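Okay, here's what each chain looks like letter by letter:
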Amino acid sequence: MIYCSALRVRRMGGSELHAPKTHKISKVFCSIEASAFAAVMFVLVMVMMISESEPHHGFAVDLPQVSHAVSMSGVNREDAMVIGVRRDGAVYFGAERVRSDELPSKILNRLKKRGVERKVYISVDRRAWYGTVKQVLVGVHSAGIERVAFLADQPRRASDLR
Amino acid sequence: MGRSGDALAKIYLTRAEKVVFVRGDADVDFQYVADVIDVAHHAGVQRVGLLTMDREVAGE
């Protein structure tokens, strides 16, 4: 089950909570908002893979298909930080298999290199469990990264399947 | 965009802070989460929060 909620960040009216506007309600709502930001808050986009060739990062995944992915050239950079999550839950940092709790040190280490983009590209198999992705996101967030892009494919057209 | 996308676009049309929070069960296939992020982004949402600490939002 997925829940998607749109919360008012500044104008937090009591009517959204089906309760009269009171100072107390607002405080409670604020604390929920703060903890949400403390969890993982990213500028997230779905990035379309343009190249059909074998990825340079050494793991193969069946990417999710979405309709409005944007293209980003950064993912094709040789020094791009690409994390892979396979269907079986295996996590990769580049070509190296890692545990989720190793990600912060791996990312911080990579950031020491000059010119590395402070952005992580995550390549998740469409059938991987979201629980595994959450663990990866916690690791990414711990390293101070706020910009994350998930790699995606465009939906296949009927003509492509023939 | 679909019904959920249209509804989100309407909600965010007048908002200054275009933020959305997504909470999903651990055993959900990532495809569904990707769909939600995609629809939200297309509806004009600028920042997406993925809630990882389920306990933190239990009181919502």
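Rules used throughout
- Numbers given to residues run from 1 along each chain, matching the order in which its sequence is written.
- Chain letters and ligand numbers both follow the written order, the letters beginning at A and the numbers at 1.
- Confidence filtering applies because this is a predicted model: local features only for residues at pLDDT of at least 70, side-chain atom pairs given and counted only at 80 or more, and all residues used for totals across whole chains, interfaces and linings.
- Only DSSP runs of H or I with at least four residues qualify as helices, and only runs of E with at least two residues qualify as strands; both kinds are numbered from the N terminus onward.
- By the convention adopted here, residues make contact when the C-beta atoms placed from their backbones lie within 7 Å.
- Burial is judged by counting the other C-beta atoms within 10 Å of a residue's own C-beta: 20 or more makes it buried, 12 or fewer makes it exposed, and any count in between marks it as partly exposed, with every C-beta position built from the backbone.
- Two strands form a pair only when DSSP identifies at least two bridges running between them.
- By the criterion used throughout, a crossover qualifies as right-handed when its path from the first strand across the helix to the second strand runs clockwise, the strands pointing away from the viewer.

**Describing the overall build of chain A**
From N to C terminus, chain A includes 4 helices and 8 strands. Listed N to C, the secondary structure of chain A is β-α-β-β-β-β-β-α-β-α-β-α in terms of helices and strands. In chain A, the proportion of contacts linking residues at least 24 apart, taken out of those at least 6 apart, comes to 74%.

**Considering the pairing of strand 8 (residues 147-152) of chain A**
Residue and element names in this part refer to chain A. Counting buried positions along strand 8 yields 5 of 6 residues, so the element is predominantly enclosed. Note: strand 7 (residues 120-124) against strand 8, 3 bridges, orientation parallel. Bridge pairing links V120 to V148 in strand 8. Handedness of the β-α-β unit built from strand 7, helix 3 (residues 130-142) and strand 8 comes out right-handed.

**A look at the pairing of strand 4 (residues 81-85) of chain A**
Residue and element names in this part refer to chain A. With respect to burial, strand 4 is a largely interior element, 5 of its 5 residues being buried. With 5 bridges connecting them, strand 4 and strand 7 associate as parallel partners. Opposite G84, over in strand 7, you have S123 as the bridge partner. When strand 4 meets strand 5 (residues 91-93), the two strands line up antiparallel, connected through 3 bridges.

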